[in-house]
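# Fold and geometry: a report
Here's the letter readout for the chains.
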Amino acid sequence: MNQIGLDSILSPQQITCSTILRYVRARNHSQGTKIERLYRLLDGKAEAIEFVARKGDPYIGIALKDLRMHQDSLVVVILHQGKVIVPFGNDKIEAGDHVVIITKESGLGDLKEVIYR
């Protein structure tokens, strides 16, 4: 792929797999944070998952530096009221924010499994 100038390629199988995984995880964690999107990366070695933060979740309104993160996971983007934020330690997640994490862990279905107090 690199020889013809492509950095990545999508296949119908990858798209179908991601859609099925998102659905199954959302059903298994229907009381928790909603998974909006899930993408498998690096031949399944990592995942990018978009969650919507919910009111009352334990991490709401707390600076990221004061929270604990699941090992091998990173908050890469927070979408707050239409504004894209590349988060640093003082940034906070608020209810309704879209949060994108990258993780090596597969099977995560709730943002509370990634970020906790």
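Scroll up a little and you will see the structure.
Quick summary incoming for the structure in this document. Quick caveat: nothing in here was measured; it's all calculated off a predicted structure.

Counting secondary structure elements, the chain contains one helix and seven strands. Moving toward the C terminus, one meets the helices and strands of the chain in the order α-β-β-β-β-β-β-β. Looking at the chain residue by residue over its 117 residues, the buried ones come to 32%. For the chain, contacts bridging at least 24 residues in sequence account for 58% of all contacts bridging at least 6. Summed over all atoms, the accessible surface of the chain reaches about 7700 Å², with 53% contributed by carbon and sulfur.

With 19 residues, the main nonpolar core has I49, Y59, I93, I101, L111 and I115 as its most contacted residues. If you list the elements that add at least two residues to this core, you get β1 (34-41), β2 (46-52), β4 (73-80) and β6 (98-103). If sequence neighbours within four positions are ignored, I93 has contacts with A53, Y59, I60, G61, I62, L64, I78, V99 and I115.

For the coordinates displayed, the defined rule picks out one salt bridge. A salt bridge links K112 to D57; its shortest N-O distance comes to 3.8 Å. Taken as a pair, K112 in the loop between β6 and β7 (115-116) and D57 in the loop between β2 and β3 (68-69) lie far apart in primary sequence, 55 residues in all. In this structure K112 comes out as partly exposed when scored by relative accessible area, which is 34%. The exposure class assigned to D57 is buried, which follows from its relative accessible area of 8%.

Within the secondary structure layout, S73 lies in strand β4. Ignoring anything within four residues of it in the chain, the contact list for S73 reads I102, T103, L108 and V114.

Burial along β6 is one-sided: V99, I101 and T103 are buried, and none of H98, V100 and I102, which face the opposite way, are. Note that β2 and β6 share six bridges and pair antiparallel. Residue pairing for β6: E47 is matched across the bridge by T103. Judged from the six bridges that link them, β4 and β6 form a sheet pairing that is antiparallel. The residue of β6 that forms the bridge with V77 is V100.

We note that D72 has phi near 65°; this positive angle belongs to a residue other than glycine. With respect to the helices and strands, the residue D72 is situated in the loop between β3 and β4. Classification of D72 by relative accessible area gives partly exposed; the value is 44%. At Q81, a position not held by glycine, the phi torsion is positive, near 50°. Among the secondary structure elements, Q81 is positioned in the loop between β4 and β5 (83-85).

Scoring rules and cut-offs
Residues numbered from 1 in each chain as written. Predicted model: local features only at pLDDT ≥ 70, side-chain atom pairs only at ≥ 80, totals over all residues. Heavy atoms only, no water. Helix = DSSP H or I, 4+ residues; strand = E, 2+ residues; numbered from the N terminus. Buried < 20%, exposed > 50% of the residue type's maximum accessible area, 1.4 Å probe, protein only. Contact = heavy atoms within 4.5 Å. Areas by Shrake-Rupley, 256 points an atom, 1.4 Å probe, with all protein chains shown as cover. Core = buried A, V, L, I, M, F, W, Y, C linked by side-chain atoms within 4.5 Å. Salt bridge = Lys/Arg side-chain N within 4 Å of Asp/Glu carboxyl O. Pairing = 2+ DSSP bridges.

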